[in-house]
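# Examining the three-dimensional arrangement
Single-letter residue listing:
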Amino acid sequence: MSTVQEAQFTKNSKSPRERWIRLGIVGVLIVLAVAAVACSMMQMGDVPADLDYSTTRSSEQNMYRVTIKPDANPIPINQIHTWILHVETPDGKPVENAQITVNGDMPQHGHGLPTKPQVTEYLGNGDYRVEGMKFQMGGWWVMDFTVNHNGASDKVSFNLNLK
Ligand SMILES: [Cu+2]
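Quick look at the structure, then. Residue positions are given per chain, counted from 1 along the sequence in the order it is written. Per-residue local features of the predicted model are confined to residues with pLDDT of at least 70, and side-chain atom pairs are confined, for both listing and counting, to 80 or more; whole-chain, interface and lining totals are unaffected and use all residues. Excluded from the side-chain calculation are hydrogens and water; included are all heavy atoms of the structure.

### Comments concerning the coordination of the copper ion
At 1.9 to 2.3 Å from the copper ion lie its protein donor atoms, namely Met106 (SD), His109 (ND1), His111 (NE2) and Met137 (SD). Here the term donor refers to an N, O or S atom within 2.8 Å of the metal (or 3.2 Å for Na, K and Ca), and because water is left out of the atoms, sites may appear incomplete. Any site counts as irregular unless it has four donors with all angles between 85 and 135 degrees, making it tetrahedral, or four or six donors with opposite ones more than 155 degrees apart and the rest between 65 and 115, making it square planar or octahedral. Around the copper ion, the four donor atoms sit at angles spanning 103 to 122 degrees, and that spread fits a shape best called tetrahedral. All donors to the copper ion come from one chain, and their sequence spacing reads M-x2-H-x1-H-x25-M. Residue histidine 109 is located in the loop between strand 4 (99–106) and strand 5 (111–112), and its partner methionine 137 is located in the loop between strand 7 (127–133) and strand 8 (139–149); the two are separated by 28 residues in the primary sequence. By definition, any uninterrupted DSSP run of H or I lasting at least four residues is a helix, any uninterrupted run of E lasting at least two residues is a strand, and each is numbered from the N terminus.

### Looking at the pattern of salt bridges
Take a side-chain nitrogen of Lys or Arg and a carboxyl oxygen of Asp or Glu: if they are within 4 Å of each other, that pair is a salt bridge. This model, assessed by the stated rule, comprises six salt bridges. Here arginine 57 and aspartate 52 are joined by a salt bridge, their closest N and O atoms 3.6 Å apart. Of the residues examined, aspartate 52 reaches a relative accessible area of 32% and is grouped as partly exposed. One salt bridge in this structure joins lysine 155 and glutamate 60, with 4.0 Å as the shortest N-O distance. With a gap of 95 residues between them, lysine 155 in strand 9 (residues 152–162) and glutamate 60 in the loop between strand 1 (56–58) and strand 2 (65–70) connect regions that are remote in the sequence. Several salt bridges share partner residues, and in doing so they unite Glu60, Asp144 and Lys155 into one network. Only protein chains enter the accessibility calculation, which uses a 1.4 Å probe; a residue is then buried when its area is under 20% of its type maximum, exposed when over 50%, and partly exposed in between.

### Regarding the pairing of strand 8
In terms of burial, strand 8 is largely enclosed, as nine of its 11 residues are buried. Should DSSP find at least two bridges between two strands, the strands are taken to pair. Pairing analysis gives seven bridges linking strand 4 to strand 8, with the strands arranged antiparallel. When the bridges of strand 8 are listed, isoleucine 100 appears paired with valine 147. Relative to strand 9, strand 8 runs antiparallel, the two being bridged by 11 bridges. Bridge pairing links valine 142 to asparagine 159 in strand 9. Between the antiparallel neighbours strand 8 and strand 9 lie two residues, among them asparagine 150 with a positive phi of about 50 degrees.

### Quick word on the packing of aromatic side chains
Geometrically, a pair of aromatic rings is defined through the distance of the ring centres and the angle of the planes. Only Phe, Tyr and Trp rings are paired, with Trp represented by its six-membered ring, and only when their centres lie within 6.5 Å; those with planes under 30 degrees apart are stacked, over 60 edge-to-face, the remainder tilted. Within this structure, the stated rule accounts for five aromatic pairs. For the pair tyrosine 122 and tyrosine 128, a centre-to-centre distance of 4.7 Å together with 45 degrees between the ring planes defines the contact as tilted. Ring pairing ties together the aromatic residues Trp83, Phe135, Trp141, Phe145 and Phe158, which thus form one cluster.

### Comments concerning the nonpolar core
In terms of nonpolar packing, the biggest core is built from 25 residues, with Trp83, Leu85, Val87, Phe135, Met143, Phe145 and Leu160 touching the most fellow members. Once residues within four sequence positions are removed from consideration, valine 87 is found in contact with Tyr64, Arg65, Val66, Lys93, Pro94, Val95, Ile100, Gly126, Tyr128 and Val147. Residues grouped as a nonpolar core are buried Ala, Val, Leu, Ile, Met, Phe, Trp, Tyr and Cys residues, joined through side-chain atoms within 4.5 Å. Contacts were defined at the residue level, with two residues in contact if any of their heavy atoms lie within 4.5 Å.

### With respect to the sheet that holds strand 8
Reading across from one edge, 5-4-8-9 is the order of the four strands in this open sheet, with antiparallel pairing throughout. With partners counted over all chains shown, the strands left at the sheet margins are strand 5 and strand 9, one partner each. Bridge count between strand 4 and strand 5: two bridges; the pairing is antiparallel. Across the sheet, the residue bridging to aspartate 105 is glycine 112, located in strand 5.

### Things to note about the side chain of aspartate 127
Take aspartate 127: it is sitting in strand 7. Of the buried charged residues, aspartate 127 lacks a salt bridge, with lysine 69 as the closest side chain of opposite charge at 4.3 Å. A polar contact is formed between the side chain of aspartate 127 and the side chain of histidine 86, at a distance of 2.7 Å. When neighbours within four sequence positions are excluded, aspartate 127 is seen to be in contact with Lys69, Ile84, Leu85, His86, Glu121 and Tyr122. When charges are counted, Lys and Arg are positive and Asp and Glu negative, with His and the chain ends excluded. In the analysis that follows, any N or O atom pair within 3.5 Å is treated as a polar contact, provided that within protein one partner can donate a hydrogen and the other can accept it, and provided that, for residues neighboring in sequence, both atoms belong to side chains.

### A few points about the pairing of strand 6 (residues 118–124)
Both strand 6 and strand 7 contribute to a ladder of five bridges, which runs antiparallel. Looking at strand 7, one finds that valine 119 is bridged to valine 130. Counted along the chain from strand 6 to the antiparallel partner strand 7, the turn is two residues long, and its residue asparagine 125 has a positive phi close to 55 degrees.

Structure (structure tokens):
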């Protein structure tokens, strides 16, 4: 080996410290890549196959039977629209003048609705107008309605798969 080549060789060989730093950087990159893949898998995770998309469902404690009637079919994306909510007892009597709160979210995305929909009017016969409904994206949504009536409260949830 000539002196020039030896000098070159010494320059290119890495010190153990450098090796550990490089190894560390590679390790961090791998961890970040795995985290990113796991994150995107959660976000785009398959919607559970056994979801119940019924538009009439019983509340959790079976105090009410509730039916959703969106005013548009299919339910629009990015457009404010109105629903009618029908609330009755399990034996079919209309639940009159209840206080109802509305909530919606995408379980796989960790975000809710861009609006705060509200029941704006009791229409009689157990029907309530829900204004301000708006979904900003398609996918699996869960809509929750909490019905408060005569001091009793119960929640009912509906699954939606918006396209
Ligand atoms: Cu979303």
